[in-house]
Amino acid sequence: MSLQEQLETLEKETLQQIDNATDLDALNQIRVQTLGKKGPITEVLRGMKDLAPEERPKVGSFANQVRDTLTQQIEEKKAVLETEALNQALAAESIDVTLPGKQIPQGTRHILNKIIEEIEDIFVGMGYQIIEGSEVEQDYYNFERMNIPKNHPARDMQDTFYISDELLIRTHTSPVQARTMETHDFSKGPLRMISPGKVFRRDTDDATHSHQFHQIEGLVVDKHITMGDLKGTLEVLMKKMFGENREVRLRPSYFPFTEPSVEADVSCFKCGGKGCNVCKNTGWIEILGSGMVHPDVLEMSGIDSREYTGFAFGLGPDRIAMLRYGVNDIRSFYLNDTRFIDQFKGE
Ligand code: PHE
């Protein structure tokens, strides 16, 4: 291959390499390799001494021309790559102020607490006190003071977690009745209280049973309290909870600590009483147990049952929440799964 041809091939190959170079380092390598002191062009110029004298100027000027072309191409490509690198750096370092900020997860009240607070507000509005009971309770208050003596068959109604023979975790909020009655000073006015809290029963957990659930106990004691007061109070509660058109129906029932005892139903808030899946086609939803405080319960708390009467009720916020929000498994309330609770954020 003549020197001329060698230079032509070199130019072609190098131009291709320059074209392919993707970064400044690669381009610099090409420059050093082809135009440097040990590069092929210097080599060709050095070989000129072997040429015929009339050939030398021709080859020499061609070699210079190739070197100039390559130098210029390298410079141009360098400018392109530098601009690219700058743009990339700018893009990488820039802050997009239009991007949405990082969401800080925000908690929400548990749906059961919301229901309890709603009911508390309703009763506070009617002049009731809110009393806190104790989850660990004496057998004496949980049962005996509620007219359920030791070994009485009525104890079978409430399967119990005993801590010792005399101590248990309460099966209902009713012991708070006895505890408030025995300390209430009637010279300061009637006793009107509700007591919300957790209760425990040795139930097998399923969709409608949980070994832990909630109750709200209600108690009013004064002179001349009648069942009419009970019904009226429950009506106010149910209308506020389930809508103005709700009605309350009382059915005879049995509790050892009330006499007479009733089960209260509310007319179905979904179908209005015509019958649907929520009320199991009866038009009524069973909502709580209640009755007139048993005279013996009053007497055991030091209240004269010939002078004073009262009503009591025990309602279940879990059940109210299930009905109102269409929750079909009570265990969902106790799973600590925020995805469940977050569904009711807007409520
Ligand atoms: N304590 C009863 C229960 O848990 C409910 C109740 C409370 C009934 C007050 C009547 C009066 O089943």
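This text goes with the structure placed above it.
Residues numbered from 1 in each chain as written. Predicted model: local features only at pLDDT ≥ 70, side-chain atom pairs only at ≥ 80, totals over all residues. Heavy atoms only, no water.

(A) Spotlight on the overall build of the protein chain. Within the protein chain, the regular secondary structure consists of eleven helices and ten strands. Its C-alpha atoms give the protein chain a radius of gyration of 45 Å, more than 25% over the compact-globule value 20 Å for 347 residues. Buried residues in the protein chain amount to 41% of all 347 residues. Contacts in the protein chain between residues far apart in sequence, at least 24 positions, make up 66% of those at least 6 positions apart. Treating the 40 positive side-chain charges of the protein chain as one cloud and the 55 negative ones as another, the clouds have centres 1 Å apart. (Helix = DSSP H or I, 4+ residues; strand = E, 2+ residues; numbered from the N terminus. Rg over C-alpha atoms; globule rule 2.2 N^0.38 Å. Buried < 20%, exposed > 50% of the residue type's maximum accessible area, 1.4 Å probe, protein only. Contact = heavy atoms within 4.5 Å. Lys, Arg positive; Asp, Glu negative; His and termini not counted. Charge placed at Lys NZ, Arg CZ, Asp CG, Glu CD.)

(B) Summary view of the pattern of salt bridges. This model, assessed by the stated rule, comprises 20 salt bridges. Salt bridges linked by common partners bring Asp139, Glu144, Lys150, Arg155 and Glu166 together as one network. (Salt bridge = Lys/Arg side-chain N within 4 Å of Asp/Glu carboxyl O.)

(C) Region of the structure containing the site of the ligand. Taken together, 15 residues form the shell around the ligand, and within it His172, Ser174, Arg201, Gln215 and Gly314 come nearest. Between glutamine 215 and the ligand, the recorded distance is 2.8 Å, taken from a side-chain N or O atom to an oxygen atom. Look at the ligand: alone it shows 320 Å² of surface, and the protein chains cover 92% of it. More than half of the atoms of the ligand fall within 2 Å of the grid points belonging to the largest pocket. Elements with a contribution of two residues or more to the shell around the ligand: strand S6 (212-222), strand S9 (284-293) and strand S10 (309-315). For the shell around the ligand, the leading source of residues is S10, giving three residues. (Near = heavy atom within 4 Å. Polar contact = N/O pair within 3.5 Å; in protein donor to acceptor, adjacent residues only side chain to side chain. Areas by Shrake-Rupley, 256 points an atom, 1.4 Å probe, with all protein chains shown as cover. 1 Å grid on protein atoms, 1.4 Å probe; cavity = no way out; pocket = protein on both sides within 12 Å on 5 of 7 lines; lining within 4 Å. Sits in = over half its atoms within 2 Å of the grid points.)

(D) Just the packing of aromatic side chains, in detail. Counting across every chain of the model gives ten aromatic pairs. Geometrically, the ring pair formed by phenylalanine 242 and phenylalanine 269 is stacked, given 4.9 Å between the ring centres and 15 degrees between the ring planes. One end of the pair, phenylalanine 242, is in helix H8 (residues 227-242); the other, phenylalanine 269, is in the loop between strand S8 (258-267) and S9, with 27 residues separating them in the sequence. By relative accessible area, which is 24% here, phenylalanine 269 ends up partly exposed. Of the aromatic side chains, those joined through ring pairs into one cluster are Tyr325, Phe333, Tyr334, Phe340 and Phe344. Above the ring of tyrosine 141, the side-chain terminus of arginine 179 is found at 3.8 Å from the ring centroid. (Phe/Tyr/Trp six-rings, centres within 6.5 Å; stacked < 30°, edge-to-face > 60°. Lys NZ or Arg CZ within 6 Å of the ring centre and 35° of its normal.)

(E) Fine view of the nonpolar core. Core analysis: the biggest nonpolar cluster contains 46 residues, and Ile119, Ile287, Phe313 and Phe333 have the highest contact counts within it. Setting aside anything within four residues of it in sequence, one finds phenylalanine 333 in contact with His110, Ile111, Leu112, Asp318, Ala321, Met322, Val327 and Phe340. Counting residues in hydrophobic clusters, the runner-up holds 23 residues, among them Ile131, Val176, Ile303 and Tyr308. (Core = buried A, V, L, I, M, F, W, Y, C linked by side-chain atoms within 4.5 Å.)

(F) Inspection of the packing of helix H1 (residues 3-20) against helix H2 (residues 24-35) at higher detail. At a minimum axis distance of 10 Å, the contact between H1 and H2 shows a crossing angle of 165 degrees. The angle between H1 and H2 falls in the class roughly antiparallel. Two packed elements cross with a definite hand, and for H1 against H2 that hand is left-handed. Across the interface between the two elements, Leu10, Thr14, Gln17 and Ile18 of H1 pack against Leu27, Ile30 and Thr34 of H2. Here the contact of H1 with H2 is built from residues that sort into four nonpolar, three polar and no charged. (Axes fitted to C-alpha atoms, helices over the stretch in contact; angles between N-to-C directions. Parallel < 35°, antiparallel > 145°, perpendicular 65-115°, else oblique. Left-handed = near helix turned anticlockwise from the far one by under 90°. Nonpolar A, V, L, I, M, F, W, Y, C, P; charged D, E, K, R; others polar.)

These results come straight from atomic positions and should not be treated as a statement about function.
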